Amino acid sequence: MTNHAIGVDIGGTGIKGARVDLASGQLAGERVRIATPQPATPDAIVDVVNRVIERVGGDGPVGLTLPAVIRGNVVRTAANIDPGWIGVNAVDTFAAATGRRIGAVNDADAAGLAEMRYGAGRDRSGVVIMITLGTGIGSAVFVDGNLVPNSELGHLPLRQVDAEDWAAESVRELEDLSWKKWARRLQAYFEMLERLMWPDLIIVGGGVSKKSAKFLHHIDVQTDVVPAELFNDAGIVGAALFAPVTDASTKETTDQ
Ligand code: BGC
């Protein structure tokens, strides 16, 4: 049977989707991107997701990411998205709007799973933390390859604020920080992660992971810190991994 699924990664600036080959973790068709509507209310997002899926083409189940805690398919937080999402059952909402079987997952958890399966975390056991640096800071925690969902380590307090409000990639841009100055903030953040979690590996993801040569060499911690390997596609590929493709997961989704 087919080993493909559609992944849709819903971010603060763009909604990206593609068909993904789940055996290789490669995109198996055109990568579609439509700007995130503002305000990014549930109705507006659902509309754009429908258009993305249409342009991706084909049928079958869809995995979606949101930059939010999703527990029991329900969105629980809205740090960088419209507060109208809180309390929305993402799976039911997108299933009703698209007529497809849907899986929904936190964006960093999806990207992390993609890296564990196909990228920088392949074959790595122990405690692995993927940190995504973008508008906010996302995290995904793995223990021997198993995801501990919704870890939200970007909201740990650092310098009296949420770490993401001081050290995210968006803050580097906003404050026009040099790579070195920004790396000093990341150094403090990674030191805190070490003190609290004692990971065996930290994977640095998010769009800026493409530019890791500019800042990772300034960071000196006891843990191995490596750049992500799937770059911008990690979210789409990880989303597709959560599409309910098997009979078992289909049942789970429809029973909820
Ligand atoms: C959200 C997380 C998300 C991260 C990256 C944070 O503000 O709370 O759920 O993973 O941003 O998008």
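Criteria and cut-off values
- Throughout, residues of each chain are indexed from 1 in the direction in which the sequence is written.
- At least 70 in pLDDT is required for a residue's local features to be given in this predicted model, at least 80 for side-chain atom pairs to be given and counted, and no such filter applies to totals for whole chains, interfaces and linings, which use all residues.
- Note: side-chain values were computed over all heavy atoms of the structure, leaving out hydrogens and water.
- Domain boundaries shown here were taken from an automatic or database domain assignment.
- The contact definition used throughout considers only heavy atoms, calling two residues in contact when any of these lie within 4.5 Å.
- What counts as buried area is the accessible surface, traced by a 1.4 Å probe, that two parts surrender upon association, with contributions from both included.
- Distance and chemistry together define a polar contact, namely a pair of N or O atoms within 3.5 Å, with one atom able to donate a hydrogen and the other to accept it when in protein, and with adjacent residues in sequence counting only for side-chain atoms on both sides.
- Numbering of helices and strands starts at the N terminus; helices are DSSP runs of H or I of at least 4 residues and strands are runs of E of at least 2.
- All amino acids are sorted into three groups, where Ala, Val, Leu, Ile, Met, Phe, Trp, Tyr, Cys and Pro are nonpolar, Asp, Glu, Lys and Arg are charged, and the leftover types, Gly among them, are polar.
- Each residue is assigned to one of three classes by its accessible area relative to the maximum for its type, calculated with a 1.4 Å probe on protein chains only: buried under 20%, partly exposed between the two thresholds, exposed over 50%.
- As used here, the arc belongs to the directions running from the helix axis to the C-beta atoms.
- Each residue after the first adds 1.5 Å to the expected span of a helix.
- For two strands to count as paired, DSSP must find a minimum of two bridges between them.
- The axes are straight lines fitted to the C-alpha atoms, using for helices just the contacting stretch, and the angles between their N-to-C directions are given from 0 to 180°.

Some remarks on the domain arrangement of the protein chain
Link 1 in the chain: Structurally, the protein chain comprises domain 1 (4–109 + 233–254) and domain 2 (122–229).
Link 2 in the chain: Computed from C-alpha atoms alone, the centre-to-centre distance between domain 1 and domain 2 is 24 Å.
Link 3 in the chain: Contact residues are listed per partner, giving 10 residues for domain 1 and 13 residues for domain 2.
Link 4 in the chain: It is Asn 80, Ala 108 and Asp 109 that lose the most area in domain 1 upon contact with domain 2, and together they represent 56% of the buried surface on that side.
Link 5 in the chain: Across the domain 1-domain 2 interface, the total number found is 2 residue pairs in polar contact (both at pLDDT 80 or more).
Link 6 in the chain: If you list the elements that add at least two residues to the side of domain 1 that touches domain 2, you get strand E6 (70–71) and helix H3 (107–118).
Link 7 in the chain: Taken together, the residues of the side of domain 1 that touches domain 2 sort by class into 6 nonpolar, 2 polar and 2 charged.

What about helix H2 (residues 90–98)?
The periodicity of an α-helix, 3.6 residues per turn, causes residues three or four positions apart to be oriented the same way.
Link 1 in the chain: Every buried residue of H2 is accounted for by Ala 90, Val 91, Phe 94 and Thr 98. Down the axis of H2, the smallest arc covering the buried residues is 95 degrees, so these residues share one side.
Link 2 in the chain: One side-chain oxygen of the residue at the start of H2 lies 3.1 Å from the amide nitrogen of Val 91, identifying that residue as Asn 89.
Link 3 in the chain: With its phi angle positive at about 70 degrees, Gly 99 sits one or two positions after the end of H2.

Things to note about H3
Link 1 in the chain: Counted at 1.5 Å a residue, the expected span for H3 with its 12 residues is 16 Å, and the 17 Å between its end C-alpha atoms agrees.
Link 2 in the chain: For H3, the buried fraction is high: 10 of the 12 residues fall into the buried class.
Link 3 in the chain: Within H3 the residues assigned to the buried category are Ala 108, Asp 109, Ala 110, Ala 111, Gly 112, Leu 113, Ala 114, Glu 115, Met 116 and Tyr 118.
Link 4 in the chain: Looking at where H3 begins, the residue whose side-chain oxygen comes 3.0 Å from the main-chain nitrogen of Ala 108 is Asn 106.

A look at the sheet that holds strand E14 (residues 201–205)
Link 1 in the chain: Spatial strand order, E11-E10-E9-E14-E15: 5 strands in an open sheet with mixed pairing. The strands lining the two open edges of the sheet, one partner per strand, are strand E11 (146–148) and strand E15 (224–227). Pairs of neighbouring strands in the sheet enclose a mean axial angle of 25 degrees, with direction left out of account.
Link 2 in the chain: With 7 bridges connecting them, strand E9 (residues 127–133) and strand E10 (residues 137–143) associate as antiparallel partners. Within E10, the position partnered with Met 130 by the bridge is Ala 140.

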